[in-house]
Amino acid sequence: MTAGLVLVVAAVHSEGGRKCAEMKRHGVRACLVGPGIDARAVIDATRPAVVVIDMVSAGASASNLCRQLKRDVDTRLLPIVLICEPHDRGARLAGLQSGADTVLHMPVDFEELMARVRHTVHASQFIGDLESAASIIMTLTAMLEARTCSPGHCHRMANYAMALGRVSALSEPESQALYRGAFLHDIGMLALPDAVTHKSGPLESHEYELIKSHTVVGDALCANLRTLHAVRPIVRHHHERLDGTGYPDGLRGDEVPLLAQIVGIIDVFEAITAGRAYERPRTADEAIRVLHDEADRGWRRHDLVDGFESVVRAGALESARRPGPLLDPGSAATRPGSSVVSVSDRPADPGRATDR
Ligand SMILES: [Fe+2]
């Protein structure tokens, strides 16, 4: 049985009322809300695990209450089980259309009722866990945003990456990972002291080593959230170079994950065009020249840089520059026009674009 409260909205002498009494006899925490009592107020006050509404005794208000609960952000995940008259297809449809999680016909089998209650509660908890993970991601991102000298950085990074990803024939899961990874690629910077990340002058060698650790630290942070496992290669390897001179693992060639290569290109472009507190923004043309130079050095794939240049020339980044709302990263892949931002790393040499 569910450990939480089961709130039953029904008359005492109704199917719902009888089931409520039966629940209590079986040791379930159940509470009956009879006609004339403000069920919504009771729900707000008691925060039940599930609500069972007897549509027969609650009448037309049953659908309204259900619809209201599913519209409200605070209660939209609250599982709702409706009980309606047998063979009443209209009532069943009305219940489902109002957002009920499940509808049962009278006479209700007690075991089936409790099974439905357990199922809806578990499903709701699962969705709640996913929402919590998404909230954590958004919170971490907001912390990143607060620490960057370039507001909108993470949003732009994600949108730029998606623009390049779209011409790179990525699968949907890859696109989703790219979006999240570009958004969060510098999440490890959260663990570094401001004295280093905000230093305006050249970095000492030990400080540079600290900056480089953001890749490994970020990877470890993401390892704690299963929903972020797909972005770990991006977080860890976006500073690798194809010739093996990057960090943290000195990967070479195809060992560098494609999505990390894409984010690496975007990171350079963003660092150059957005500028930093210690460096004026430069033009997209200058950024493209730097990227081609890096491809010539063997750091990046020529075809990816060419592809990104075509994206830039086509003006596909213009909409991505505009600030937009923070999105659920899980659904971002299906919103190609959405706007997102990154804390780009401090260069070891202020004359250089990034700490590559
Ligand atoms: Fe980085």
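Below is a summary of the structure that appears in this document. (Residues numbered from 1 in each chain as written. Predicted model: local features only at pLDDT ≥ 70, side-chain atom pairs only at ≥ 80, totals over all residues.)

Some points on helix H5 (residues 89-97)
Among the residues of H5, those classed as buried are Ala 91, Ala 94 and Gly 95. Down the axis, H5 shows its buried residues gathered within 100° of arc, on one side only. When the buried face of H5 is taken as reference, the exposed residues oriented beyond 90 degrees from it are Arg 89, Leu 93 and Gln 97. In the core, the buried residues of H5 are packed alongside helix H3 (55-58), helix H4 (61-71), strand E4 (80-84) and strand E5 (102-105). (Buried ≥ 20, exposed ≤ 12 C-beta atoms within 10 Å, placed from the backbone. Helix = DSSP H or I, 4+ residues; strand = E, 2+ residues; numbered from the N terminus. Arc of directions from axis to C-beta. Contact = placed C-beta atoms within 7 Å.)

Brief notes about the pairing of E4
In the case of a regular strand, side chains alternate between the two sheet surfaces. For E4, the tally of buried residues reaches 5 of 5 residues, placing the bulk of the element in the interior. Taken together, the 4 bridges between strand E3 (residues 50-54) and E4 define a ladder with parallel strand orientation. Bridged to Val 51 within E4 is Ile 80. (Pairing = 2+ DSSP bridges.)

Some thoughts on the pairing of E3
The buried fraction of E3 amounts to 5 of the 5 residues, a majority that puts the element mostly inside the structure. Of the two faces of E3, the one lined by Val 50, Val 52 and Asp 54 and the one lined by Val 51 and Ile 53 are each fully buried. Here strand E1 (residues 6-9) runs beside E3; their pairing, made up of 4 bridges, is parallel. Looking at the pairing, Leu 7 lines up with Val 51 of E3.

Side note on the packing of helix H7 (residues 153-166) against helix H13 (residues 258-274)
Closest axis-to-axis distance for the H7/H13 pair is 9 Å, and the angle between their directions is 130°. Judged on the interaxial angle alone, H13 and H7 are oblique. Where H7 crosses over H13, the two elements pack in a sense that is right-handed. Contacts between H7 and H13 involve His 153, Arg 156, Met 157, Tyr 160, Ala 161, Leu 164 and Gly 165 on the former and, on the latter, Ile 262, Val 263, Ile 265, Ile 266, Asp 267, Phe 269, Glu 270 and Ala 274. Class assignment for the residues of the contact of H7 with H13 results in 10 nonpolar, 2 polar and 3 charged. (Axes fitted to C-alpha atoms, helices over the stretch in contact; angles between N-to-C directions. Parallel < 35°, antiparallel > 145°, perpendicular 65-115°, else oblique. Left-handed = near helix turned anticlockwise from the far one by under 90°. Nonpolar A, V, L, I, M, F, W, Y, C, P; charged D, E, K, R; others polar.)

Notes on the sheet that holds E5
Across the sheet, 5 strands lie side by side as E2-E1-E3-E4-E5; this open sheet has parallel pairing. Edge positions in the sheet fall to strand E2 (30-33) and E5, since each has one partner strand and no second. Neighbour-to-neighbour, the strand axes of this sheet turn through a mean angle of 20°, independent of strand direction. Here H4 sits on the sheet and contacts E1, E3 and E4; the angle it forms with E4, its principal contact strand, is near 165°.

Quick word on the nonpolar core
Counting residues in hydrophobic clusters, the biggest one holds 44 residues, and the most contacted among them are Ala 161, Leu 164, Ala 182, Ile 265 and Ile 266. When residues of this core are traced back to their parent elements, those giving at least two are helix H6 (110-147), H7, helix H8 (172-184), helix H12 (232-237), H13, helix H14 (284-296) and helix H15 (302-313). It is H13 that contributes the most residues to this core, 11 residues altogether. Core analysis: the second largest hydrophobic core is formed by 38 residues, Met 23, Val 50, Cys 66 and Val 108 among them. (Core = buried A, V, L, I, M, F, W, Y, C linked by C-beta atoms within 7 Å.)

Focus on unusual backbone geometry
With an omega of -10°, the peptide bond running from Met 106 to Pro 107 counts as cis. The omega torsion across Tyr 247 and Pro 248 is 10°, close enough to zero to call that bond cis. Examined against the element boundaries, Pro 248 turns out to sit in the loop between H12 and H13. Despite not being glycine, His 87 shows a phi value in the positive range, around 60°. Inspection of the secondary structure puts His 87 in the loop between E4 and H5. C-beta crowding within 10 Å serves as the criterion here: with 9 such atoms nearby, His 87 is assigned to the exposed category. Positive phi, close to 55°, is recorded for Ala 169, a residue that is not glycine. Its 7 C-beta neighbours within 10 Å are what place Ala 169 among the exposed residues.

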